[in-house]
Amino acid sequence: MSSSLALRQARHLSTAATSATTTTTTTTTTITTPTSISISKAKYKLKSEHDPDKALEIYSSVSDHYATSLSTGYTQNFTVKRLAKANRFDDIENFLESHKKDPNIIQEHFLSSLIRSYSVAGMFDHALKTYNDMEELGTPRSSLSFNALLSACVRGKKFGDVVKVFDEMPQRNGFVPDSVSYGILIKAYCEMGDVGLAIERLREMEGKGVDISSIHYTTILHCLYVKGMVEEAEKVWNEMLEKGYTDVGAYNVRIMNVPGGDVECVKGLIEEMGNDGLKPDAISYNYLMTSYCKREMLDEAKKVYDDLEINKCKPNAATFRTLIFYLCKKGRYVIAHKVFKQSVEAHKIPDFDTLKILVEGLVKKSKMKEAKGMIRTIKKKFPPTVVKAWEKIQQELGIVIADEDDNKKRVMELRKM
DNA sequence: CTAGGGTTAG
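From a predicted model like this one, the values you see are computed outputs, not experimental measurements. (Residues numbered from 1 in each chain as written. Chains lettered and ligands numbered in written order. Predicted model: local features only at pLDDT ≥ 70, side-chain atom pairs only at ≥ 80, totals over all residues. Heavy atoms only, no water.)

Student: Got a minute to help me understand the packing of aromatic side chains in this structure?
Tutor: Ring pairs (aromatic) are described by centroid distance and by the angle formed between their planes. Enumeration over the complete set of coordinates arrives at nine aromatic pairs. Each ring, one from Y305 and one from F320, has its centre 6.0 Å from the other, and the planes form 70°; the classification is edge-to-face. With a gap of 15 residues between them, Y305 in helix α19 (residues 298–306) and F320 in helix α20 (residues 317–329) connect regions that are remote in the sequence. Grouped by ring-pair contacts, the aromatic residues F146, F166, F175 and Y182 constitute a single cluster. The ring of Y131 carries R141 above its face, with NZ or CZ at 4.3 Å from the centroid. (Phe/Tyr/Trp six-rings, centres within 6.5 Å; stacked < 30°, edge-to-face > 60°. Helix = DSSP H or I, 4+ residues; strand = E, 2+ residues; numbered from the N terminus. Lys NZ or Arg CZ within 6 Å of the ring centre and 35° of its normal.)

Take a look at the structure:
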């Protein structure tokens, strides 16, 4: 019997607890404990939980679910993502539809989070149906649920629907599109490749007195660069400067489009940001660091990384991944290993491929202790499928981890009890 | 994750 089949059966047995003939073994024990946890604890636990059933369990064990709608939306989204990854769309439907029987369904934000959850699961039709169910469910309409639906259209690449929904729904249901609605619409036009219409909608906002923000401009700016319309991008940028619609994100779009990733240009823009009264963030510095890496100026790149703290920035997952990759590429495995350890402390471990290069490099340099330690750490942090892949690498490299066998023995002993 | 933009892929 395959292990996944075994899991399915175990799950089936645990839910059908009434069937008297089931003399199941250990699998039921973890599920029947009626522990109740806080939403913040659930958020923390969900982060490291990759098993969709356990994620569901954590979600349903939250005691104060509807007190804090924002956090609930987050945990709900998270649980759905885990189920979607396992392709369990029927379970997602059951899970989310059951919320429609909850008395809180008449709260628009509660219903909107269902639309968002369907959207991240790639179930656009369900998202639309939930929106259309609102009359029947007795949920009042405003731009809140409307924007959730618009986002679902964009995520599902139903661009034609975005425009249709945008032009029809507000009138029919008696509300006006707000600044966020326009933001989603503009993004949709950009994704469709029609930046001209995006700009038209921006002008429409001006005419109607809807609040414009740097987000609307940045969406268009980014799109112009993507389409290679550099001159138009510069024009829009100047308009942004004039009207005061620049922020860190807008500057980062400019930085990421510096021709050839020229180091001096990137540095210049970071300086400009400061003069504009803005504080460059980790993304800004990551671009600078990457520019150095690509020119094989690893000492300078490392300095950008080391200076992050002075600049009041925290390295993110991309920082660690990029720096470790390029350090390895130049054979500087020992420094790369130090950076890896810092990534563990920051709970931002790079991806499988990057770490593979590092472990192999350490072994090549006969740094067996470091390589072993790395694998041990990685196994604790990744889901079972990734751990399996690591075991293969471990075998190929001939790495034996002594206390692993001891652990297995201990588990066997426990099972006998 | 927080309704909407920017997250570097080697």
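Further notes follow.
Student: Looking at this model, I keep getting lost on the nonpolar core. Mind explaining?
Tutor: Proteins that are soluble and globular tend to have nonpolar side chains buried together. Among the nonpolar cores identified, the biggest contains 105 residues, and I92, F340 and L358 are the most heavily contacted of them. In this structure, this core is formed jointly by two domains, domain 2 (35–139 + 147–154) and domain 3 (343–417), each of which donates at least three residues. The residues touching I92, leaving out its near neighbours within four places in the chain, are V80, L83, A84, Y118, A121 and M123. Counting five residues, the second-largest nonpolar core is a separate cluster that includes I37, I39, A42 and I58. (Core = buried A, V, L, I, M, F, W, Y, C linked by side-chain atoms within 4.5 Å. Buried < 20%, exposed > 50% of the residue type's maximum accessible area, 1.4 Å probe, protein only. Domains from an automatic or database assignment. Contact = heavy atoms within 4.5 Å.)

Student: Honestly, helix α17 (residues 263–275) in this entry has me stumped. Any pointers?
Tutor: Each α-helix turn comprises 3.6 residues. Residues three or four places apart therefore point the same way. Helix length check: α17, at 13 residues, gives a terminal C-alpha distance of 19 Å against a target of 18 Å (1.5 Å per residue), a fit within 8%. Among the residues of α17, those classed as buried are V263, V266, L269, I270 and M273. The buried residues of α17 occupy an angular sector of 130° when projected down its axis, which confines them to one face. The exposed residues of α17 that point more than 90 degrees off its buried face are E264, E271 and N275. As for α17, its buried residues are in contact with α16 (248–256) and α18 (282–294). Of the residues flanking the start of α17, the one acting as N-cap is D262, its side-chain oxygen 3.2 Å from the backbone nitrogen of E264. Of the residues flanking the end of α17, it is G277, one or two places downstream, whose phi is positive at about 80°. (Expected span 1.5 Å × (residues − 1). Arc of directions from axis to C-beta. Polar contact = N/O pair within 3.5 Å; in protein donor to acceptor, adjacent residues only side chain to side chain.)

Student: Even after reading the chapter, I still don't get the environment of P384, so can you show me in this structure?
Tutor: Assignment of secondary structure puts P384 in helix α24 (residues 384–397). Spatially, the C-alpha atom of P384 lies 8.7 Å from that of H50, the residues being 334 residues apart in sequence.

Student: I tried to follow the protein's contact with DNA strand B on my own but got confused; where do I start?
Tutor: Near DNA strand B lie 34 residues; those nearest to it are T218, D247, N252, N286 and T290. A distance of 3.1 Å separates a base nitrogen of DNA strand B from a polar side-chain atom of S179. At the level of secondary structure, the elements contributing two or more residues to the surface near DNA strand B comprise α5 (69–85), α10 (143–155), α12 (179–192), α14 (214–226), α16, α18 and α20. At six residues, α16 tops the list of elements feeding residues into the surface near DNA strand B. Taken together, the residues of the surface near DNA strand B sort by class into 14 nonpolar, 14 polar and six charged. (Near = heavy atom within 4 Å. Nonpolar A, V, L, I, M, F, W, Y, C, P; charged D, E, K, R; others polar.)

Geometry only, nothing functional implied.
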